[in-house]
Structure formats: C-alpha cells, structure tokens
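Residue strings, one per chain:
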Amino acid sequence: ESIPAKAGTTVYGKIKTQDGKPVAGVVVSDGVITTTTNENGIYYLESDKSQRVVFYSVPSGYEPETAGVFPEIHQPLILDKHIPEIHSFVLRKLKDSVNDFKVLFFGDMHLANRHSDLEQFKRFTSDVREYTARHSGEHIYAVTLGDMSHDKYWEEFNYALPQYVNTINSELNGLTIYHTIGNHDHDPKAVASNLTATTPFTKNVAPAWYSFNIGKILFVIMDNIDCSAYDGKSMNYSQGLYGKQHIWLENDLKHVAKDIPIYIMTHAPVFSDTNTPDVYSLRNYGYDKTLKILEGREVH
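About the thresholds
- Residues numbered from 1 in each chain as written.
- Predicted model: local features only at pLDDT ≥ 70, side-chain atom pairs only at ≥ 80, totals over all residues.
- Heavy atoms only, no water.
- Phe/Tyr/Trp six-rings, centres within 6.5 Å; stacked < 30°, edge-to-face > 60°.
- Buried < 20%, exposed > 50% of the residue type's maximum accessible area, 1.4 Å probe, protein only.
- Pairing = 2+ DSSP bridges.
- Helix = DSSP H or I, 4+ residues; strand = E, 2+ residues; numbered from the N terminus.
- Axes fitted to C-alpha atoms, helices over the stretch in contact; angles between N-to-C directions.
- Expected span 1.5 Å × (residues − 1).
- Salt bridge = Lys/Arg side-chain N within 4 Å of Asp/Glu carboxyl O.

### Looking at the packing of aromatic side chains
Each pair of aromatic rings is reported with the distance of its centres and the angle of its planes.
Working step 1: Applying the stated criterion across every chain, the model contains 14 aromatic pairs.
Working step 2: Centroid distance Y153 to F157: 5.6 Å. Interplanar angle 50°. Geometry classified as tilted.
Working step 3: Looking at Y153, the relative accessible area reads 11%, which means it is buried.
Working step 4: Overall, the relative accessible area of 29% leaves F157 in the partly exposed class.
Working step 5: Grouped by ring-pair contacts, the aromatic residues F101, Y141, Y178, Y210, F212, F219 and Y263 constitute a single cluster.

### Some points on the sheet that holds strand β2 (residues 27–29)
Working step 1: What the four strands build is an open sheet, ordered β3-β2-β5-β9; its pairing is antiparallel. Each edge of the open sheet carries a strand with a single partner, namely β3 (34–36) and β9 (74–76). Here the average twist between neighbouring strands, direction ignored, is 20°.
Working step 2: Summarising the sheet, β2 and strand β5 (residues 53–56) pair through two bridges and their orientation is antiparallel. Directly across from V28, in β5, lies its bridge partner Y56.

### Looking at helix α2 (residues 161–172)
Working step 1: With twelve residues, α2 ought to run about 16 Å at 1.5 Å a step, and its terminal C-alpha atoms sit 16 Å apart, in line with that.
Working step 2: Every buried residue belonging to α2 is among L161, Y164, V165, T167, I168, N169, E171 and L172, and all of these are buried.

### A word on the pattern of salt bridges
Working step 1: Counting across every chain of the model gives seven salt bridges.
Working step 2: Of the charged contacts in the structure, one is a salt bridge between R92 and E63, with a shortest N-O distance of 3.2 Å. In this pair, R92 sits in strand β11 (residues 89–93) while E63 sits in strand β6 (residues 62–64), placing the two residues 29 residues apart along the sequence.
Working step 3: Of the charged contacts, one joins E119 and K122 as a salt bridge, the two residues approaching to 3.6 Å between their closest N and O atoms. Within this pair, E119 and its partner K122 are both found in helix α1 (residues 117–134), separated by three residues, close to a single helical turn.

Here is the structure:
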C-alpha cells in the first residue's frame, strides 16, 4: 500500500492488525534510535542503518505474527544508508487482557547434531508440549537464554542456526519463543566485528537486542557477548554490553512508563557472588551504564 514519504527518512513502514486496522503507539527501532507509529500506524526513522536491522517492540494487548515459533518482529535493512526502504509488520490483537501468563525459560541447548543430542532434545520438547497441552487455556510464552547452537560444530556436523530453526519449529510449533543470543550463536569466522558476529543470528533468529511487552511487563533482551577481539580463528569474546545498546535501551525506555516492571535477559550472568552473604558484584563491563539508565525502575 502507499505510504507517504517524509524528508530525511531512510526507514519507514506501517504496523497494522491482521484485519488491516492501524496500530498507533508501537515502538520501532533500528537498534539505536526509536520512534512510535502514528494514528495511521505509520513510523518514520532517520536511520544510519549501522545495525542493518529494523524491529518493533510488541505492545501489550497484541501478539506478533510468527514463522513457526519465531516472532516476526524484525527485518534486515538491505539498501544503502541514503536510500529509503519500507518495512511493514502485522500484529494480532488479543481478545482478552494478558495480565496472567506464564513464561518458560530455556537454558543452553547446545544443539550440534552430535552424541544423539537431537534425540535427547526431543525428550525435552515432548515435556514442553505435554505441559502446554495441560495448560491450553492459558497464555504461555517461552524465552531462550542463548547457546541454542554450538559454533564450534556448525561446519563439522552441518548443524548451525538454520538447522536449529528447523528443529525447534518442528518440535514446538504453536509456542511463541523469543530468543536471546549466546556466545555459541555468534559467527566464529567474524573478524573484529560484533555486527559480523551477530549476522547469522539476526538473519535466522532475532535481533541481537530488542524488547517486547506481555501484559504489564517489559521484557528486554540484550547481547553481552563482545566479539570485537575475534580474529576469525579463535573465539576470544569478553562479557559486557558492547556498542550502542545503552543508547538503544535509553531511547526504548523513553516510551515506557516508570511503573512498568522490566525483566532483562542476557546470556552471560550479570553478577558474580562474593564471600559476603547476599552480596554480589557485576561480573562484566557496561552494566554501570545500564543500571544508571534503569534507576528508579523495578528491574529483574
């Protein structure tokens, strides 16, 4: 459909429901800056396209369209940074409010097509299907916490993120699963570039960082695996919130009321315990900025 152009805009589009109704107030981002859709469901971003992706934050009261288990919340930016491109999305409006819901968290799966791990995985997914069937009248979602694959074996056993997508879709289709990137989900052949390291994940799975709302909670997923020291051979990552994630988070939270609880998911643990009971220390860099941005909010 025709969307009016706007001077200075490089990424724009429309967000509407499945029956064509525009959705206003949806937060849209290029991974750094944010904006919201207007009353016609249209958004405009003056993006430099540095993160090569556009995504939206699923608003409360809606669910995203899915491709299998994967929320269709992002699209790659493919044109030169000066050339405008259109990216639109579709939401499903929920019939009832979702203030009572469950989230299943999946830890390191490390699927690699070795040692019968795929057969073992089916025992786990069978449990998940049985659980969701018993609670079919409830709102149930899932979040992975990284390392769905194992970069060391992507080529050796011909099992990388595209194969993981096929596996999880065949096993848990019907369950909406949001994904967090882990160290083993980064490209081991990347050289001194987090953008290159996250490209397979962004292409096949989800943005490296993004947010979504369920009920009265904002969930935030971030990437604290810094691959800037990768040399194409050894995976010399460090743990920390690298790059422009803090800028994005601060911009994203401008659209979030102060009384909304926030749950932050990363692959590497944020804190280490100490010798003092109930005292913890930050175990990777960048979180001082994060905590400052989150001051005054309820954070988990």
